[in-house]
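In case you want the letters, here they are:
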Amino acid sequence: MSQFIRATYAIFWKALRTEWRSREIFSAMFVFALLAIIIFNFAFDLRVQNIRQVVPGVLWVSITFAGMLGLNRSFTVEKENDTLSGLLLAPVDRSALYFGKMAANFLFILSVAVIIVPLTTVFFNVNLVRADLLLVLLAGTFGFAAVGTLFSAITVNTRAQDILLPILLFPVVLPVIIAAVKLTAGLLEQLAVADLANWWRLLIVYDIIFLVIAFLTFEYIVEE
Amino acid sequence: MQRTSSKWLVMSTIIAYAAVIIALFMGFKAPAAVNVGTVQLQWAQRIIYFHVPVAWVFMLSFTVSFVASIVFLITKKRIWDLVALAGVELGLTFATAAVISGSIWARPAWNTWWTWDPRLTTMAITWLLYVAYFMLRGAVEEPERQARFAAVYSIFSYISVPITFFSIRLARTIHPLLVKGNDFGLAKGMRPAFFAGLIAFTLLYIVLLWHRLRVLQLASRVEALRARILEQEL
């Protein structure tokens, strides 16, 4: 077990280090999310009576689109440098590769989300900086990264990979996104905890299902 | 061997189509609904003899595909990949039929073709998932890898099927609910036509699955032969 955790940690740490050296994925994701929010701002400005109502949707669409960019790169880098076979030859359980990559993707997407929230607050003049929203961001990006990492390992081996990933990923994570948007909207409208319990349940159940199925099927994706 | 199997297939095909025609005819002859206001709605209500069987078949078909995908990942036998593929093809066809028939009914009943009700939303997601399944298959050339990826994706897609089924039982929805606990929402006179429809469309499904599997198997044999000939020429 401890060997498994060490391997997972090594992969996670490797992803963070390569990212720190190039800052390629994070900067692209962040700039893209920022652009998306600014475009939404112009698209809705003056046309929507109550801007508060569209903010949850704007936030989550920006996060998911930006996250898609990062996920696309997750395994492409390994493919381009031909290091994936090296990782697969390592004498450790292959799910360590999944968990390591997933943890790194989760961290990247979550940090983009955390930086984007105060900016949305500024641009839309709606206060989103609050502790309970962080929980929604955590649970929402977790489910997204759990499936996204697996599908990114699938699409890296297909033709037209960067086009295929959103088509595969969006319908699968849609329930997570819907729940996250509803929860964000509920928090903005100061709804009681009991009113949101169903959405929390849906979000957490999906997070668990996604992680478990991804864990069980990952070895079938990378076996060559 | 080949000849006898195709003779059985022709016979069952004729029986299945005859059953479907009889069941639909029974649907037209069944007593009209008493709890709906207008004559137009009474006729619209008869969609149930088509809509429910078709919806049942698409869920059955995706379930077949889900099970076949798991068996494929465990056994790696090509036939299970073909079953999974045929299951998705037929499932998507019947799902489309369910959506279209539902939409035709919704126009007089709800005064709209489409609304983002929980049942319709989950159904739309399911439909998109299985369309994506074909895009994935199309993007992978090597057959063995194509089968593996498709099997994994089919397992993920299937999460959406039970959710579509239970969406009208768990969430607030305007979609009618036929079976509620021990309550069955059809009058006695309507039941024969309803169950005849379920049986007839299930028969039709089995026959179509048989056809598809046969064609897919032949196609994969042709593919293998072609590969062998190309190898010899080289």
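Residues numbered from 1 in each chain as written. Chains lettered and ligands numbered in written order. Predicted model: local features only at pLDDT ≥ 70, side-chain atom pairs only at ≥ 80, totals over all residues. Heavy atoms only, no water.

### Points about the pattern of salt bridges
Residues and elements named next belong to chain B.
- Tallying each qualifying case throughout the model produces 12 salt bridges over all chains.
- Salt-bridge contacts for Arg137 lead to Asp81; the nearest nitrogen and oxygen are separated by 2.9 Å. With a gap of 56 residues between them, Arg137 in helix α5 (residues 118-139) and Asp81 in helix α4 (residues 78-110) connect regions that are remote in the sequence.
- A residue is classified by how much of its surface remains accessible, and Arg137, at 7% relative accessible area, is buried.
- Given the relative accessible area of 2%, Asp81 is considered buried. (Salt bridge = Lys/Arg side-chain N within 4 Å of Asp/Glu carboxyl O. Helix = DSSP H or I, 4+ residues; strand = E, 2+ residues; numbered from the N terminus. Buried < 20%, exposed > 50% of the residue type's maximum accessible area, 1.4 Å probe, protein only.)

### A few points about unusual backbone geometry
Residues and elements named next belong to chain A.
- Backbone geometry at Arg23 places phi at a positive 50 degrees, although glycine is not the residue there.
- Relative to the helices and strands, Arg23 is located in the loop between α1 (2-22) and α2 (24-44).
- Even without glycine at this site, Asn125 takes up a positive phi of about 60 degrees.
- One can find Asn125 in the loop between α5 (95-124) and α6 (131-155).

### Here we look at the packing of α5(A) against α6(A)
Residues and elements named next belong to chain A.
- Closest axis-to-axis distance for the α5/α6 pair is 8 Å, and the angle between their directions is 140 degrees. Judged by the angle between their axes, α5 and α6 are oblique. At the point where α5 passes α6, the crossing takes the right-handed sense. Facing α5, whose interface residues are Tyr98, Lys101, Met102, Asn105, Phe106, Ile109, Leu110, Ala113, Val114 and Val117, α6 presents Leu133, Leu134, Leu137, Leu138, Thr141, Phe142, Phe144, Ala145, Ala146, Thr149 and Leu150. (Axes fitted to C-alpha atoms, helices over the stretch in contact; angles between N-to-C directions. Parallel < 35°, antiparallel > 145°, perpendicular 65-115°, else oblique. Left-handed = near helix turned anticlockwise from the far one by under 90°. Contact = heavy atoms within 4.5 Å.)

### A look at the environment of A:Gln3
Residues and elements named next belong to chain A.
- Here Gln3 lies in helix α1.
- Along the backbone, Gln3 and Asp93 are 90 residues apart, and their C-alpha atoms lie at a distance of 9.2 Å.
- When sequence neighbours within four positions are dropped, the list of residues in contact with Gln3 reads Pro91 and Val92.

### Thoughts on the packing of aromatic side chains
- For the structure shown, the criterion picks out 22 aromatic pairs over all chains.
- With a centroid separation of 6.2 Å and 80 degrees between ring planes, the pair formed by A:Phe4 and A:Phe99 is classed as edge-to-face. You can see A:Phe4 sitting in helix α1 and its partner A:Phe99 sitting in helix α5, a full 95 residues away along the chain.
- On the basis of an interplanar angle of 10 degrees and a centroid distance of 4.3 Å, the ring pair of B:Phe66 and B:Tyr158 is categorised as stacked. In this pair, B:Phe66 is assigned in helix α3 (residues 48-75) and B:Tyr158 in helix α6 (residues 143-158), connecting sequence segments 92 residues apart. (Phe/Tyr/Trp six-rings, centres within 6.5 Å; stacked < 30°, edge-to-face > 60°.)

### A few points about the interface of chain B and chain A
- Facing 22 residues of chain B, the contacting portion of chain A comprises 24 residues.
- Carbon and sulfur atoms supply 73% of the area buried between chain B and chain A, which totals about 2200 Å² over both sides.
- Considering only the surface of chain B that becomes buried against chain A, B:Arg148, B:Phe149 and B:Phe156 emerge as the three largest contributors, covering 26% of it.
- One can count one salt bridge joining chain B with chain A.
- A:Arg159 is the partner of B:Glu141 in a salt bridge, and the nearest nitrogen-oxygen pair spans 2.7 Å. (Buried area = accessible area lost by both parts, 1.4 Å probe.)

### Focus: helix α7 (residues 161-188) of chain A
- Along α7(A), the sharpest change in direction is near 50 degrees and occurs at A:Val173; proline A:Pro175 comes one to four residues later.
- With its phi angle positive at about 60 degrees, A:Gln190 sits one or two positions after the end of α7(A). (Bend = angle between axes of the 7 residues up to and from the residue.)

### A few points about the nonpolar core
- Within the largest apolar cluster, 121 residues are counted, with the highest numbers of intra-cluster contacts made by A:Leu150, A:Phe151, A:Leu169, A:Phe210, B:Phe58, B:Tyr153 and B:Phe156.
- Ignoring anything within four residues of it in the chain, the contact list for B:Tyr153 reads A:Phe151, A:Ile167, A:Leu168, A:Pro171, A:Val172, B:Leu129, B:Ala132, B:Tyr133 and B:Leu136.
- By size, the runner-up hydrophobic cluster in this structure holds nine residues, among which are B:Tyr49, B:Met190, B:Ala193 and B:Phe194. (Core = buried A, V, L, I, M, F, W, Y, C linked by side-chain atoms within 4.5 Å.)

### A look at a nonpolar patch on the surface
- Together, A:Ile204, A:Ile208, A:Val212, A:Phe215 and A:Leu216 line one region of the surface with nonpolar side chains, adding up to about 440 Å² of accessible area.
- On the secondary structure map, A:Phe215 appears in helix α8 (residues 193-222). (Patch = residues over 30% accessible without salt bridge, like charges linked within 9 Å, V, L, I, M, F, W, Y side chains within 5 Å. Areas by Shrake-Rupley, 256 points an atom, 1.4 Å probe, with all protein chains shown as cover.)

### Looking at the side chain of A:Thr121
- By secondary structure assignment, the location of A:Thr121 is in helix α5.
- When its relative accessible area of 15% is taken as the criterion, A:Thr121 is described as buried.

### Points about the confidence of the model for chain A
- Per-residue pLDDT for chain A averages 89, and the proportion of residues at 70 or more is 99%.
- Predicted confidence in chain A is weakest over helix α4 (residues 84-89) of chain A, with a mean pLDDT of 82, and strongest over α6(A), with 93. (pLDDT = per-residue confidence, 0-100.)

### Observations regarding the environment of B:Ala30
All names here are of chain B.
- With respect to the secondary-structure elements, Ala30 resides in the loop between α1 (2-29) and α2 (39-45).
- A residue is classified by how much of its surface remains accessible, and Ala30, at 7% relative accessible area, is buried.
- It is 8.6 Å that separates the C-alpha atoms of Ala30 and Arg191, two residues lying 161 residues apart in sequence.
- In this view, Ala30 contacts Arg46, Tyr49 and Ala193; residues no more than four positions away in its chain are not counted.

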